Amino acid sequence: MTANSILQQLSEGVVRCFLAAVVVVLSSVVSIYAETENPDTMHVELGAVGVTARVPVKIAPRDGKLNVSSSVVNSGPALFGNNDAIRTLQTFADVHTNNDFAAGISVDGMDYSQNRISTNGARIFNPFHMLGLFSAFNASHYSGYSFSNVSAGHNVLGASLDACTAAYCDGLKGEATIGIINAAASVVAPVVPSGNTWVAASLRRSYFDKIFPDMIKYDHARLLYNFGDANLTVSHQFGDNRRVLADLFLSADRMLLDDAYYDSNGNFKWNNIVANVVLELPGLKQRLNWSKLSNGFDLRESSVSASLPSSIYELNYNGELAYKYWIFSADVAFRHSSPQHSQSDTSADANNALELSADVSYNRRILTNTSLSAGVTLTEYIGPSISRVYPLPRISITTDISGALSISLRTGALAQFSHLIKESDSGLPANFWINADNVFKPQHSWYGAIGASGKLLNGYLSYNVEAYCRSIRNLPEFTGCILNMANGGYRPLDDVMQGNGRSYGVKAMVALNCRKLRMWASCAVGRSELRVPEIADAYFPANYDRSCDFKMSGSYKINDKFDFSASLAYATGTPYTRASMGYMIGENLICEYYPHNSSRLPDYFRLDASLSYTLQSKGLLRHRFNVSAYNVTAHRNVVLKYYNYSPKNGLMGKESVLTSIIPSISYTIMFR
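What counts, and at which threshold
- Residues numbered from 1 in each chain as written.
- Predicted model: local features only at pLDDT ≥ 70, side-chain atom pairs only at ≥ 80, totals over all residues.
- Heavy atoms only, no water.
- Helix = DSSP H or I, 4+ residues; strand = E, 2+ residues; numbered from the N terminus.
- Buried < 20%, exposed > 50% of the residue type's maximum accessible area, 1.4 Å probe, protein only.
- Contact = heavy atoms within 4.5 Å.
- Areas by Shrake-Rupley, 256 points an atom, 1.4 Å probe, with all protein chains shown as cover.
- Pairing = 2+ DSSP bridges.
- Core = buried A, V, L, I, M, F, W, Y, C linked by side-chain atoms within 4.5 Å.
- Polar contact = N/O pair within 3.5 Å; in protein donor to acceptor, adjacent residues only side chain to side chain.
- Salt bridge = Lys/Arg side-chain N within 4 Å of Asp/Glu carboxyl O.
- Patch = residues over 30% accessible without salt bridge, like charges linked within 9 Å, V, L, I, M, F, W, Y side chains within 5 Å.
- Phe/Tyr/Trp six-rings, centres within 6.5 Å; stacked < 30°, edge-to-face > 60°.
- Lys NZ or Arg CZ within 6 Å of the ring centre and 35° of its normal.
- pLDDT = per-residue confidence, 0-100.

Some remarks on the overall build of the protein
Then step 1. If you tally the helices and strands in the protein, you get 4 helices and 37 strands.
Then step 2. Buried positions account for 54% of the 672 residues belonging to the protein.
Then step 3. Sequence separation of at least 24 residues holds for 62% of the intrachain contacts in the protein that already meet a minimum separation of 6.
Then step 4. In the form shown here, the protein has an accessible surface area of approximately 28700 Å², with 60% of it arising from carbon and sulfur atoms.

Here it is, written out as structure tokens:
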């Protein structure tokens with residue numbers, strides 16, 4: 001396919017997309033002025049989660065969807081002085097336990113690159129800071145989170161998580177927190193007394209490099225790391241259910257590596273920037289956003305060096321029209337990918353892609369106790385050397401037999417047109433995105449799930465059980481060694497293979513709600529497997545496979561001033577590929593390996609705890625003091641296994657291990 005034909009297809013696609021957007025807008029104008037009374041319209045509550053001292057824990061996720069309020073997040077352990085939405089989700093059965101200092105989350109046995117994480121609907125390509133201890137969400141800026149373990153309609157194979165700001169402003173309020181690891185501040189202020197126009201701003205900055213420069217031992221290397229976040233949201237309400245919102249999101253990570261023993265040093269950096277505008281009208285919601293991730297990877301060791309930047313950005317429009325039982329939407333995404341490349345060759349493998357999607361869904365109660373949700377997404381993907389249309393149907397049925405039992409059944413198809421090539425699971429900027437093409441083909445998946453949920457003991461006990469299975473085609477698998485990056489002329493795409501995968505398992509969760517005590521426990525048993533012909537004829541475990549994952553969490557309100565919370569996690573170890581030998585040819589390190597993912601890290605265990613004291617002073621101020629501890633039992637959790645090479649000792653296996661308790665003390669002042 002020539003460059004001219006690609007440009008022609010892109011142009012035709014833009015025209016089609018523009019026409020689709022016009023149809024949505026014109027239809028919305030009709031709906032705004034049409035009669036608004038729909039007596040047959042049913043509002044379906046898709047599920048909610050609550051974990052506060054006063055609100056019970058609800059775990060009835062119809063269609064796999066949950067709404068998580070900020071009070072839910074704030075009730076969990078405030079580790080390192082922070083409450084984090086993604087850490088809260090990790091206590092539920094859908095989300096698997098992470099290794100320490102591993103960025104990303106696996107949902108229902110899928111890879112974290114298959115999730116869509118966003119802020120007010122705008123995608124964030126790297127929503128985690130290095131080590132996975134913090135997500136890029138400053139909890140004080142958001143009022144709630146919308147989670148679905150199947151992200152239908154978003155052109156990803158996994159889950160979706162959207163962080164949402166408040167819809168209204170009820171007056172000036174804010175908070176500031178300072179701890180031994182990071183500091184944060186946020187404020188929400190009405191621009192006019194009516195509160196129809198308001199602005200919210202948040203900042204967060206860490207100082208790992210000043211307080212814990214040696215928190216992670218990586219052989220002889222010294223790691224100096226810090227990160228920062230910034231949020232700015234402006235909202236204007238100009239009538240009932242009419243609002244315009246502008247959103248700006250920034251995050252930045254920096255890490256320096258200094259290893260005098262091996263005469264090596266590194267400079268690593270990565271940045272997210274998201275700009276977003278949302279228009280909400282009765283029955284209609286439109287969004288236009290721009291999102292970019294930039295990575296910088298500079299490494300020098302002895303006489304060899306590597307400078308390998310990468311980036312990806314996306315311009316996206318989405319329009320959604322709701323009318324009675326129907327929801328119509330159009331989505332257009334233009335994406336530019338610049339994979340990891342030598343700094344002297346800035347055009348290597350860079351390309352563009354266009355996704356044009358139209359979606360229709362139908363949601364209605366078809367019987368007294370039965371609800372139906374069905375839909376189809378039609379996506380045309382125009383990428384480098386590839387152009388194809390994908391029909392993606394889905395259906396979900398839920399029957400309420402009684403208050404103690406609801407049965408749900410759902411199935412459908414999903415597709416994803418971008419791949420994350422992972423050379424590290426710790427969030428380092430060695431990872432990079434590529435657009436699907438005729439070599440690295442789009443990912444495609446079929447999923448199915450059947451579940452039961454309900455309440456027992458007059459609502460004090462809730463439960464949810466679900467069995468799931470997924471088949472995945474065209475999964476990328478990196479088979480190289482990150483040490484090869486220092487070799488001259490290294491092209492990581494040469495070490496990427498594609499194969500098929502599958503995940504299946506059973507997960508269950510129970511929650512107990514008492515007046516002061518809220519506890520819940522979850523367990524998931526399953527497998528995530530891949531089959532790549534160039535690696536092995538049979539299926540082998542995926543990097544994120546967890547055979548068993550058990551978690552408990554809870555909070556206890558001691559009195560009006562003291563709150564205690566704790567969480568426990570146990571999981572079987574994840575697979576990795578062990579090197580059998582290494583040798584030098586010239587200045588290039590060549591690694592040989594045992595069968596791919598044939599080894600496993602030791603089992604994982606961690607207990608965290610947090611105690612908060614809140615003091616209400618006279619006036620509008622509140623003070624909160626928090627003491628928390630990460631890995632209370634000082635259990636020996638292996639973070640990763642890696643290798644070094646020396647002419648004297650050859651290839652040497654090493655371990656990065658967390659064996660210590662990481663305490664934290666923070667102080668927060670709140671006003672309103």
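So, the pairing of strand β28 (residues 562–571)
Then step 1. In the sheet, strand β27 (residues 548–557) pairs with β28 via 9 bridges, with the strands oriented antiparallel. Note that in β28 the partner of S555 across the bridge is S565.
Then step 2. Turn length for the β27-β28 hairpin, with the two strands adjacent in sequence and antiparallel, is 4 residues.
Then step 3. By the bridge criterion, 10 bridges tie β28 to strand β33 (residues 604–616) in an arrangement that is antiparallel. Residue pairing across strands places S567 opposite D608, the latter belonging to β33.

Examining the nonpolar core
Then step 1. F137, Y145, F147 and L161 are the most contacted members of the largest nonpolar core, which totals 26 residues.
Then step 2. Ranked by residues supplied to this core, first place goes to helix α3 (residues 85–89) with 3 residues.
Then step 3. If we ignore the near neighbours within four places in the chain, the residues touching Y145 are L66, N67, V68, V73, A85, F137, A139, L161, D162 and A163.
Then step 4. Among the nonpolar cores identified, the runner-up in size contains 25 residues, and F80, L133, L299 and A430 belong to it.

A look at the sheet that holds strand β4 (residues 144–148)
Then step 1. Reading across the sheet, the 5 strands line up as β1-β4-β5-β2-β3 and stay open at both edges, with mixed pairing between neighbours. Of all strands in the sheet, those with a lone pairing partner are β1 (65–69) and β3 (122–123), marking the two edges.
Then step 2. By the bridge criterion, 5 bridges tie β4 to strand β5 (residues 160–164) in an arrangement that is antiparallel. Each bridged residue has a counterpart across the sheet, and for G144 the counterpart in β5 is C164.

Examining the pairing of β4
Then step 1. With 4 of its 5 residues buried, β4 lies for the most part within the structure.
Then step 2. Strand direction decides the pairing type here: β1 and β4, joined by 5 bridges, are antiparallel. Paired with V68 across the bridge in β4 is Y145.

Some details on the side chain of S445
Then step 1. Secondary-structure assignment places S445 in strand β22 (residues 443–456).
Then step 2. Looking at S445, its side chain comes within polar contact range of the main-chain oxygen of S471, at 3.0 Å.

Comments concerning the pattern of salt bridges
Then step 1. One pass over the structure, following the stated rule, counts 22 salt bridges.
Then step 2. Salt-bridge contacts for D229 lead to R204; the nearest nitrogen and oxygen are separated by 2.6 Å. Taken together, the residues span a long stretch of sequence, with D229 in strand β9 (residues 222–237) and R204 in strand β8 (residues 197–206) at a distance of 25 residues. Across the pair, R204 and D229 agree in class, each one buried.
Then step 3. With a closest N to O distance of 3.6 Å, D545 and R527 form a salt bridge. Placement of D545 in the loop between β26 (540–541) and β27 and of R527 in strand β25 (residues 517–531) is noted, with a sequence separation of 18 residues between them.
Then step 4. The class for D545 is buried, based on a relative accessible area of 0%.
Then step 5. Looking at R527, the relative accessible area reads 28%, which means it is partly exposed.
Then step 6. Each of D94, D108, R410, E466, R470 and K507 takes part in a single network of salt bridges with overlapping partners.

Things to note about a nonpolar patch on the surface
Then step 1. A surface patch of nonpolar side chains, about 530 Å² in accessible area, is lined by L456, L457, Y460, L512, M519 and M552.
Then step 2. Counting through the fold element by element, Y460 comes out in the loop between β22 and β23 (461–478).
Then step 3. Y460 gets classed as partly exposed once you look at its relative accessible area, which sits at 48%.

Topic: unusual backbone geometry
Then step 1. A positive phi is found at D108, a non-glycine position, where the angle reads about 50°.
Then step 2. Tracing the sequence through the fold places D108 in the loop between α3 and β2 (116–119).
Then step 3. Positive phi outside glycine occurs at A634, with the angle close to 55°.
Then step 4. Inspection of the secondary structure puts A634 in the loop between β34 (621–630) and β35 (637–646).

Quick look at the environment of R473
Then step 1. By the secondary structure assignment, R473 is in strand β23.
Then step 2. C-alpha of R473 to C-alpha of Q498: the two residues are 25 residues apart in sequence and 8.5 Å apart in space.

Quick notes on the packing of aromatic side chains
Then step 1. Under the defined criterion, the tally for this structure stands at 18 aromatic pairs.
Then step 2. Seen in terms of ring centroids, W326 and Y362 are 4.7 Å apart; in terms of plane orientation they differ by 55°. Their pairing is tilted. Of this pair, W326 sits in strand β15 (residues 326–338) while Y362 sits in strand β16 (residues 351–367), and the two are 36 residues apart along the sequence.
Then step 3. Plain terms: the ring middles of Y381 and F417 are 4.7 Å apart, the flat faces sit at 10° to each other, and that makes the pair stacked. With Y381 in strand β17 (residues 370–383) and F417 in the loop between β19 (405–416) and β20 (418–421), the pair connects residues that are 36 residues apart, well separated along the chain.
Then step 4. Here F417 falls in the buried class, since its relative accessible area comes to 0%.
Then step 5. Aromatic rings pair up to connect F134, Y225, F227 and W270 into one cluster.
Then step 6. Over the face of the ring belonging to W433 we find R123, whose NZ or CZ atom lies 5.3 Å from the ring centre.
Then step 7. Looking at R502, its charged tip hangs above the ring of Y539, at a distance of 3.7 Å from the centre.

Here we look at the confidence of the model for the protein
Then step 1. The pLDDT averaged across the protein works out to 82; a share of 83% of its residues lies at or above 70.
Then step 2. A low-confidence stretch, residues 1–55 (pLDDT under 50), is modelled with 84 contacts involving residues beyond four sequence positions or located in other chains.

A few points about the environment of N637
Then step 1. Looking at where N637 falls in the secondary structure, it is placed in strand β35.
Then step 2. On the basis of relative accessibility, which here comes to 1%, the residue N637 falls in the buried class.
Then step 3. Distance in space between the C-alpha atoms of N637 and S656 is 8.7 Å, their sequence separation being 19 residues.
Then step 4. In contact with N637, not counting residues within four places along its chain, are D100, D603, Y604, F605, R606, N631, S656, V657 and L658.
Then step 5. A distance of 2.7 Å separates a polar side-chain atom of N637 from the backbone oxygen of F605.

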